[in-house]
Amino acid sequence: MKHKPLTHFSADRLIYASFCAPYMVNIDGYDALKMYCEYESIPDSKTLLYYVRTEGDKVFFRLPDDDSGTWYLMYDFGLVAGEGCYLYCPLYTDKENNNTPLKDYFKCKSWTKDETSDIYIMDAEEYEDNTCTGLIIDGPRWFDGISSTRGISSNIGLGMRSGSISRLIEVKNGDRVFYSYDTSSISQVSHTTPLRYRVDGHNINLSGTEVRDNIQVYYTNGALLGNFTANGNSINISVPNSGMYILKIKNTTISIHVPAV
């Protein structure tokens, strides 16, 4: 499986890792990142939620006010079909049990590869405990090395049971976007088109165009990269980074994956 860094989650409430120098902090002898929460509509709402670190396929977190120094398992991307483990959520604690993070039993059903993004996706089942008799959610999904589709901190379904809703919006490292969610763009993508394309590095060569055809290129978050005009039956378009791009030409919308070079 191809692992990607756990970096960024955004929504109406922004949860993100601190990448200001120093990039890592030493906690209990481990290199860890600080994960913050900030409400975009509330000034000075920045709060340290937890520290996060990785160990192989596993991701652990520690609460900043936990004097016990316990690191809790948050993700295990090494699970294979049929395997399961207890996972703890950094957003919800049991006040009657010394504010210990709440947990559920998470069982992997299968891994599949998304052919457009090359990201591996885990489908799973979530239970109250390891007897696997009290099914809570059938179908939570993880992106390999990234997070839950509900966001980094919503690794299991406790937030959904409490009535809150979250969504993983974007994962990036600097200017490089590893994942971006935009339903309006993706739902309009056509998988059949008379146009042909070839990707060479960060260049997209599109053929089957006509003179003065206008091509609009978007990032998957909906932001416009640029407008390009064809001077013949082909056009070469340069993009800044690897990742998914949406191209619109006449009445056709297609998605093109530019792999890492």
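Keep in mind that this is a model prediction, so the values were computed, not measured.

A. A look at the nonpolar core. Counting 34 residues, the largest nonpolar core has Tyr50, Phe61, Met74, Leu87, Phe106, Met122 and Trp142 as its most contacted members. Contributing elements (two or more residues each) for this core: strand 3 (25–27), strand 4 (30–39), strand 5 (47–55), strand 6 (58–62), strand 7 (72–76), strand 8 (84–94), strand 9 (100–113) and strand 10 (120–127). Within the second largest apolar cluster, 15 residues are counted, among which are Leu206, Val239, Leu247 and Ile249.

B. Highlighting the packing of aromatic side chains. Across all of its chains, the model carries nine aromatic pairs by this definition. Both rings, one in Tyr75 and one in Trp142, keep their centres 5.0 Å apart while their planes meet at 70 degrees; by these two values the pair is edge-to-face. Highlighted residues: Tyr75 in strand 7 and Trp142 in strand 11 (residues 135–143), separated in sequence by 67 residues. Ring pairing ties together the aromatic residues Tyr50, Phe61, Tyr72 and Tyr88, which thus form one cluster. Sitting over the face of the ring of Tyr30, Arg53 holds its NZ or CZ atom 3.6 Å from the ring centroid.

C. Looking closely at the sheet that holds strand 19 (residues 234–238). A sheet is described by the order of its strands in space; here three strands give the open sequence 15-16-19, paired in antiparallel fashion. Each edge of the open sheet carries a strand with a single partner, namely strand 15 (196–200) and strand 19. Taken pair by pair, the neighbouring strands of this sheet meet at an average axis angle of 20 degrees, ignoring direction. Pairing analysis gives five bridges linking strand 16 (residues 203–207) to strand 19, with the strands arranged antiparallel. Note on strand 19: the bridge partner recorded for Asn205 is Asn236.

D. Inspection of the confidence of the model for the protein chain at higher detail. When the pLDDT values of the protein chain are averaged, the result is 77; 75% of them are 70 or greater. Every residue in residues 1–12 scores below 50 in pLDDT, and together they form 58 contacts with partners more than four places removed in sequence or on other chains. Here residues 183–192 is a poorly scored stretch, pLDDT under 50, and it has 13 contacts once near neighbours within four places are set aside; other chains count.

E. Structural view of the environment of Ile169. Topologically, Ile169 is positioned in the loop between helix 1 (158–161) and strand 13 (170–173). Here Ile169 falls in the partly exposed class, since its relative accessible area comes to 28%.

F. How the structure looks around the environment of Asp31. If you trace the backbone, Asp31 turns up in strand 4. We classify Asp31 as exposed; its relative accessible area is 52%. C-alpha separation for the pair Asp31 and Arg53, spaced 22 residues apart in sequence, amounts to 6.6 Å. Asp31 has contacts with Met24, Val25, Asn26 and Arg53, leaving out every residue within four places of it along the chain.

G. The arrangement of the sheet that holds strand 17 (residues 214–219) in detail. The strand order across the open sheet formed by four strands is 18-17-20-21, and the pairing between neighbours is antiparallel. Of all the strands in the sheet, the pair left with one neighbour each is strand 18 (224–229) and strand 21 (252–258). For this sheet the average axis-to-axis angle between neighbouring strands, irrespective of direction, equals 25 degrees. Here strand 17 pairs with strand 20 (residues 243–249) via five bridges, running antiparallel. Paired with Val217 across the two strands is Leu247, which belongs to strand 20.

H. The arrangement of the pattern of salt bridges in detail. Within this structure, the stated rule accounts for four salt bridges. Here Asp76 ties to Lys58 by a salt bridge, and the two come within 3.7 Å at their closest N and O atoms. Here Asp76, found in strand 7, pairs with Lys58, found in strand 6; they are 18 residues apart in sequence, far enough to count as distant. Relative accessible area serves as the criterion here: at 9%, Asp76 is assigned to the buried category.

I. Structural context of unusual backbone geometry. Despite not being glycine, Asp28 has its phi angle at roughly 55 degrees, a positive value. If you trace the backbone, Asp28 turns up in the loop between strand 3 and strand 4. At Cys132, a position not held by glycine, the phi torsion is positive, near 55 degrees. Its place among the elements puts Cys132 in the loop between strand 10 and strand 11.

J. Spatial organisation of the pairing of strand 17. Here strand 17 runs beside strand 18; their pairing, made up of five bridges, is antiparallel. Residue pairing for strand 18: Val217 is matched across the bridge by Gly226.

K. Summary view of the pairing of strand 20. With respect to burial, strand 20 is a largely interior element, six of its seven residues being buried. Sheet topology note: the strand 20/strand 21 ladder contains seven bridges and is antiparallel. Bridge pairing in strand 21 links Leu247 to Ile254.

Parameters and conventions
Residues numbered from 1 in each chain as written. Predicted model: local features only at pLDDT ≥ 70, side-chain atom pairs only at ≥ 80, totals over all residues. Heavy atoms only, no water. Core = buried A, V, L, I, M, F, W, Y, C linked by side-chain atoms within 4.5 Å. Buried < 20%, exposed > 50% of the residue type's maximum accessible area, 1.4 Å probe, protein only. Helix = DSSP H or I, 4+ residues; strand = E, 2+ residues; numbered from the N terminus. Phe/Tyr/Trp six-rings, centres within 6.5 Å; stacked < 30°, edge-to-face > 60°. Lys NZ or Arg CZ within 6 Å of the ring centre and 35° of its normal. Pairing = 2+ DSSP bridges. Axes fitted to C-alpha atoms, helices over the stretch in contact; angles between N-to-C directions. pLDDT = per-residue confidence, 0-100. Contact = heavy atoms within 4.5 Å. Salt bridge = Lys/Arg side-chain N within 4 Å of Asp/Glu carboxyl O.

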